[in-house]
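Tertiary structure, described
Residue-level listing of the chains:
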Amino acid sequence: MGANGGHLYTVEVRPSRHDPGRFTWAIRDRGKLVRGSYRPHASERAARAVALAEVERLIGHDDRPDMP
């Protein structure tokens, strides 16, 4: 496994289905949903920034040694 614990995270940013003009995000690991946004964001850039920060948080958790 690599530095990220073998995860292959991808970020998807899409227009919101329920709130026109706003955007949601999803983080996937090999196609399986890991995290998603509960609230739509005002712009695609804002949604992507939040998603990338969440990926960084997930990678940080992967680097910690397992706790008993």
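These lines cover the structure that appears in this document, whether it is placed above or below. (Residues numbered from 1 in each chain as written. Predicted model: local features only at pLDDT ≥ 70, side-chain atom pairs only at ≥ 80, totals over all residues. Heavy atoms only, no water.)

Time to look at the nonpolar core. Within the largest apolar cluster, nine residues are counted, these being Tyr9, Val13, Phe23, Trp25, Ile27, Ala47, Ala51, Val55 and Leu58. The set of elements that each furnish at least two residues to this core consists of strand 1 (9-15), strand 2 (23-29) and helix 1 (44-63). Looking at this core, the element that brings in the most residues is helix 1, giving four residues. (Core = buried A, V, L, I, M, F, W, Y, C linked by side-chain atoms within 4.5 Å. Buried < 20%, exposed > 50% of the residue type's maximum accessible area, 1.4 Å probe, protein only. Helix = DSSP H or I, 4+ residues; strand = E, 2+ residues; numbered from the N terminus.)

Take Arg48: it is sitting in helix 1. Classification of Arg48 by relative accessible area gives partly exposed; the value is 34%. For the pair Arg48 and Phe23, spaced 25 residues apart in the sequence, the C-alpha separation amounts to 8.9 Å.

Turning our eyes to something else, we now look at the environment of Phe23. Following the sequence through the fold, Phe23 ends up in strand 2. Sequence spacing of Phe23 and Ala42 is 19 residues, and the spatial spacing of their C-alpha atoms is 6.6 Å. Residue contacts for Phe23: discarding those within four places in its chain leaves Val13, Arg14, Pro15, Ser16, Arg39, Pro40, His41, Ser43, Glu44 and Ala47. (Contact = heavy atoms within 4.5 Å.)

Where empty space is left can be seen by rolling a probe of water-molecule size over the atoms. The volume enclosed by the largest pocket comes to roughly 340 Å³. Taken together, 15 residues make up the lining of the largest pocket; nearest its centre are Arg14, Pro15, Arg17, Thr24 and Trp25. Among the elements of the structure, strand 1, strand 2 and strand 3 (32-36) are those that each provide at least two residues to the lining of the largest pocket. With four residues, strand 2 is the largest single contributor of residues to the lining of the largest pocket. The residue inventory of the lining of the largest pocket, partitioned by class, reads six nonpolar, five polar and four charged. (1 Å grid on protein atoms, 1.4 Å probe; cavity = no way out; pocket = protein on both sides within 12 Å on 5 of 7 lines; lining within 4 Å. Points joined across faces, edges and corners; volume = space filled by probe spheres on them. Nonpolar A, V, L, I, M, F, W, Y, C, P; charged D, E, K, R; others polar.)

Once that is clear, we can look at the sheet that holds strand 3. Taken in spatial order, the three strands make up an open sheet running 1-2-3, and their pairing is antiparallel. Of all the strands in the sheet, the pair left with one neighbour each is strand 1 and strand 3. Put simply, the sheet's adjacent strands are angled 30° from each other on average, direction ignored. Looking at chain direction, strand 1 and strand 2 are connected through seven bridges and run antiparallel. By the bridge assignment for strand 2, Pro15 is matched with Phe23. (Pairing = 2+ DSSP bridges. Axes fitted to C-alpha atoms, helices over the stretch in contact; angles between N-to-C directions.)

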